[in-house]
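# Secondary and tertiary structure notes
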Amino acid sequence: MESEFQGYSGTAFSPAGDKGRFSLPPAFRKEVRAASGDNRLLCIDKHDRWNCLIGFGTSRRAELKSNLKREKKLAEKRGHDFDYDERSSELFGFETIPFDDSGRFVMPSHLGELANITGGLFFRGADDFFTMWDPEELYKMGPSWRAAQASCKNMVEQAQAKLAGKGGAK
């Protein structure tokens, strides 16, 4: 049964698995499915300003199309140049990635490289989308990110302790 999309909120952490695999946290997985017509499809792209990735469900395509048309009209109204093709390419250049029932998905290597993803992923909700950070990149952000940084640090430490408890490395 399809559920209604409520928006992305909260934080979570996924340690890196083998072969670039990560796990979409349960709360985010539920919302992605709701925002993708109950399909297991995750859209991922590089954030346009921050050194992280963004994720969202496929239903956001309609919103992006509406934004594109609105930006074109606004530019025309103001007499500004607007490159529709370039802006469309920026908005719709995201990757659509399947995930399994447990939320596991393979991060495309080019996206991981763009956001310096070297270890786990810290997820942070932002209503219509969520951000995915390599912890070290998040720690470089300014003071307005202190709460997210503290949450991330705590979650990374918990994941490392859990791994160490299973006889794994740090």
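The structure under discussion appears in the preceding block.
Residues numbered from 1 in each chain as written. Predicted model: local features only at pLDDT ≥ 70, side-chain atom pairs only at ≥ 80, totals over all residues. Heavy atoms only, no water.

### Describing a negative patch on the surface
Residues D81, D83, D85 and E86 make up a contiguous surface patch of negative charge. Within the fold, D81 resides in the loop between α2 (60-78) and α3 (84-91). (Patch = residues over 30% accessible without salt bridge, like charges linked within 9 Å, V, L, I, M, F, W, Y side chains within 5 Å. Areas by Shrake-Rupley, 256 points an atom, 1.4 Å probe, with all protein chains shown as cover. Salt bridge = Lys/Arg side-chain N within 4 Å of Asp/Glu carboxyl O. Lys, Arg positive; Asp, Glu negative; His and termini not counted. Charge placed at Lys NZ, Arg CZ, Asp CG, Glu CD. Helix = DSSP H or I, 4+ residues; strand = E, 2+ residues; numbered from the N terminus.)

### Things to note about the nonpolar core
Side chains of nonpolar character tend, in soluble globular proteins, to be buried together. With 29 residues, the main nonpolar core has L24, I44, F105 and F130 as its most contacted residues. For this core, the secondary structure elements donating two or more residues are α1 (26-34), β3 (41-46), β4 (53-56), α2, β7 (121-125) and β8 (130-133). Those residues within four positions of L24 in sequence are excluded, and the remaining contacts are R29, V32, L42, F99, S102, G103, F105, F123 and F130. Core analysis: the next-biggest nonpolar cluster, separate from the first, contains nine residues, C52, F122, W133 and W145 among them. (Core = buried A, V, L, I, M, F, W, Y, C linked by side-chain atoms within 4.5 Å. Buried < 20%, exposed > 50% of the residue type's maximum accessible area, 1.4 Å probe, protein only. Contact = heavy atoms within 4.5 Å.)

### Section: the packing of aromatic side chains
Centre distance and the angle of the planes are the two values used to describe a pair of aromatic rings. Evaluated as defined, the whole model comprises 13 aromatic pairs. Through a chain of ring-to-ring contacts, three or more aromatic side chains come together here, namely F5, Y8, F28, F123 and F130. Here the basic side chain of R49 rests over the ring of W50, its NZ or CZ set 5.7 Å away from the ring centre. Sitting above the plane of the F56 ring, R60 keeps its charged end 5.2 Å from the centroid. (Phe/Tyr/Trp six-rings, centres within 6.5 Å; stacked < 30°, edge-to-face > 60°. Lys NZ or Arg CZ within 6 Å of the ring centre and 35° of its normal.)

### A few points about the packing of α2 against α3
Running from N to C, α2 and α3 cross one another at 155°; their axes reach a closest spacing of 10 Å. Relative to α3, the element α2 is oriented roughly antiparallel. By crossing handedness, the relation of α2 to α3 is classed as right-handed. Where α2 approaches α3, its residues L64, K65, L68, E71 and K72 are matched on the opposing element by Y84, R87, S88 and L91. A breakdown of the residues in the contact of α2 with α3 according to their chemical character gives four nonpolar, one polar and four charged. (Axes fitted to C-alpha atoms, helices over the stretch in contact; angles between N-to-C directions. Parallel < 35°, antiparallel > 145°, perpendicular 65-115°, else oblique. Left-handed = near helix turned anticlockwise from the far one by under 90°. Nonpolar A, V, L, I, M, F, W, Y, C, P; charged D, E, K, R; others polar.)

### Thoughts on the pattern of salt bridges
Summed over all chains, the structure comprises twelve salt bridges. Ionic pairing is found between R40 and D101, a salt bridge with its closest N-O pair at 2.9 Å. With a gap of 61 residues between them, R40 in the loop between α1 and β3 and D101 in the loop between β5 (95-98) and β6 (104-106) connect regions that are remote in the sequence. Given the relative accessible area of 36%, R40 is considered partly exposed. A salt bridge links K153 to E157; the shortest N-O distance between them is 3.3 Å. Residue K153 and its partner E157 are both found in helix α6 (residues 146-165); the two are separated by four residues, about one turn of the helix.

### Topic: the sheet that holds β8
With antiparallel pairing, six strands are arranged side by side in an open sheet as β1-β7-β8-β4-β3-β5. Looking along the sheet, the strands with just one partner apiece sit at the ends: β1 (11-14) and β5. Taken over all neighbouring pairs, the strand axes of this sheet differ in orientation by 30° on average, direction set aside. Judged from the four bridges that link them, β1 and β7 form a sheet pairing that is antiparallel. Paired with S14 across the bridge in β7 is L121. Strands β1 and β7 of the sheet are contacted by α6, whose axis makes an angle of about 35° with β1. (Pairing = 2+ DSSP bridges.)

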